[in-house]
Amino acid sequence: MTSPPFFFLKAPFLFFHRFFSKKFRRAMAAVHRKHQKQPSPTKLPVNGDGKVMIFNVEEGLLKPSSPYFFSYFMLVAFEASGLLRATALLMLYPLIRLVGQELGLKIMVMISFFGVKKESFRVGSSVLPKFFLNDVGLEAFEALRKGKKRIGFSNVFPQVMIESFLRDYLEVEEVVGRELKVFCGYFVGLMDEKVKVSSLLNLINHAQEEEEESDAFDKNGNFIGICGSQKAYDFQLLSPICNEIYTVSEAEKKRWKQLPKDKFPKPLVFHDGRLALNPTPFDTFTLFIWLPFAPVLAFIRIFAYMCLPRTLSYPISALSGLTVTVSNPITKTKSNNNNNQGLLYVCNHRTLLDPLYISGALEISKPTAVTYSLSPISEFLSPIRTVRLTRNRDKDAALMAQLLSKGDGNLIVCPEGTTCREPYLLRFSPLFTEISTKIVPVANDTHVTMFYGTTASGFKCFDPFFFLMNPKPCYVIKRLDMVDGSLLFGSSKDDQNCPSRFDVANFVQNEIGKALRFECTKLTRRDKYLILAGNEGIVHSK
């Protein structure tokens, strides 16, 4: 049987038919996928092994929405440059709302970053993570945890604002944001355009290279996108990359719950900055109204404590809004140590004012506070005696033993060596266990509404003033039962079965932690300053 004359055209025809039909089906599938109703991220499958989650930070992770993430830029303006820049940003906020999101963001970036030195900019790692974590949606976080890898991108925030928060606290492997222009080591207040497809593809290729040897990783590229509405730029950005796209509506974001602290991948132990409130436009306006009265109120509180008798200073402090809550106070503390020694009070460290409020609340006679570093201004204004330690263990032990053996005073020691704002206790230095066997643990906590009374990178001499500038600062002091170190050690300190000085220090730390319901850690002063300030926190005095 002879073949028809068009047989030789059949093979090329079938080839081109299959090729173009395949392209057509892909295009139609993409169009259908872009216009169909997208599911919510909460509908993600439970098993996410091998999948890469590509999510938009402001639309697919954070609870608040525009306009236009003002509080985060206010934190940068206030913490990085001070009051003048923050005032300019607040005054221009109506204009920012008027010109639209993209131009408004450029104005806020210009005000917040212009002239800031890139090398010394640490707000993104020391201040912003606390406020970002408070705004993470629980449902969004649980959806992201289902993936093998996570890639976060933002078309709003510069990368220096979000990178530390995502990498260090949410364990996001890759982060891309808008880059800031730098000239001679300083930010000029300009940033690149929105994130492009090529930037995400580079991150995806990097993720694939790292996971080439992993059996759980889908080498064919199973990418899931989480973003805002289908009309948004981030949806168009993810469409050619992701196999599945999940969108988040504004109504759904309003129903999200706040991510609880016990579900943080990494606990937030340290953070810096002066502002304790979230500086929304309204709260920032309230803050600026309060600022002229705050220093006056702080000086009234200082004058009442230093210059007036307790019968007058306590009522004045209470009327000014400062409250001190005391549990198990001892009105007259008498020494019952051998050789007529004074008592050793050991407390956790919240602010520089801890020894003052503890000595006043517990009515400690002739108190002496031993500190590692204290500004000359704080020493001059302190109404109680202060003694500096040298960080030389033998010298400090001898000095503290000498002060305690005189019998005419009592020592107040903060073994943590630095302050901690969150409900955690840092490692207690065991030096105090060698000074006296009679130890009085004191648990104390503080509550503020506007300003933190501690800093790692700012001027420490202003710490007490910032604490007292709060409208209603609060101290909670709990005196615990005395710890007899000799009983803890047993009959002989040379007994190998007896607890060591570290065990005694850990026991005192645990007792204070139980009283405050704080978590005990092994973190130290050095860890804090390396995280917040990039140094070891040691000041070399002349």
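If you're wondering where the values come from, they're calculated on a predicted model, not measured in any experiment.

### Structural notes on the pattern of salt bridges
When charged atoms on two side chains of opposite charge get close, those side chains can pair.
Next, step 1: What the rule picks out here adds up to 17 salt bridges.
Next, step 2: For D445, the salt bridge identified is with R350, shortest N-O distance 3.1 Å. Placement of the pair is D445 in strand 14 (residues 438-447) and R350 in the loop between strand 9 (344-347) and helix 17 (354-361), with a sequence separation of 95 residues.
Next, step 3: Of the charged contacts in the structure, one is a salt bridge between E511 and K514, with a shortest N-O distance of 4.0 Å. Of the two residues, E511 and K514 are both situated in helix 22 (residues 501-516); the distance of 3 residues between them amounts to about one turn of the helix.

### Some points on the state of the cysteines
A covalent bond between the sulfur atoms of two cysteines is referred to as a disulfide.
Next, step 1: As enumerated under the stated definition, the model contains 0 disulfides in all.
Next, step 2: C414 provides the cysteine sulfur closest to C347, a residue in no disulfide bond, and the two sulfurs are 3.4 Å apart.

### Brief notes about the sheet that holds strand 1 (residues 52-56)
Next, step 1: Pairing in this open sheet of 5 strands is parallel, and the strands run 3-2-1-6-7 from one edge to the other. The sheet terminates laterally at strand 3 (174-178) and strand 7 (244-247), the two strands that pair on one side only. Ignoring strand direction, the axes of neighbouring strands in this sheet form an average angle of 15°.
Next, step 2: In this structure, strand 1 lies alongside strand 6 (residues 223-227), joined through 4 bridges in parallel fashion. Paired with I54 across the strands is G225, a residue of strand 6.
Next, step 3: Running at roughly 85° to strand 2 (residues 149-158), helix 6 (residues 101-113) makes contact with strand 2 and strand 3 of the sheet.
Next, step 4: Running over the sheet, helix 10 (residues 159-169) touches strand 1, strand 2 and strand 3 and is turned about 160° from strand 3.

### Quick notes on the confidence of the model for the chain
Next, step 1: The predicted model of the chain has a mean per-residue pLDDT of 83, with 81% of residues at 70 or higher.
Next, step 2: Averaged over each element, pLDDT in the chain is lowest for helix 1 (residues 10-35) (48) and highest for strand 13 (residues 424-425) (97).
Next, step 3: Overall, residues 22-36 carries pLDDT values under 50, and its contacts beyond four positions in sequence, including any with other chains, amount to 10 contacts.
Next, step 4: Across residues 331-337, where pLDDT falls below 50, the model places 16 contacts with residues more than four positions away in sequence or in other chains.

### Some words on the side chain of Q159
Next, step 1: In this fold, Q159 is placed in helix 10.
Next, step 2: What Q159 contacts, discounting residues up to four positions off in sequence, is V175, V176, G177, R178 and E179.

### With respect to the environment of K117
Next, step 1: Mapped onto the elements, K117 comes out in the loop between helix 6 and helix 7 (123-126).
Next, step 2: Separated by 65 residues in sequence, K117 and V182 have C-alpha atoms that sit 9.0 Å apart.
Next, step 3: For K117, the contacting residues outside a window of four places in its chain are G185 and Y186.

Definitions and cut-offs
- Residues numbered from 1 in each chain as written.
- Predicted model: local features only at pLDDT ≥ 70, side-chain atom pairs only at ≥ 80, totals over all residues.
- Heavy atoms only, no water.
- Salt bridge = Lys/Arg side-chain N within 4 Å of Asp/Glu carboxyl O.
- Helix = DSSP H or I, 4+ residues; strand = E, 2+ residues; numbered from the N terminus.
- Disulfide = S-S within 2.5 Å.
- Pairing = 2+ DSSP bridges.
- Axes fitted to C-alpha atoms, helices over the stretch in contact; angles between N-to-C directions.
- Contact = heavy atoms within 4.5 Å.
- pLDDT = per-residue confidence, 0-100.

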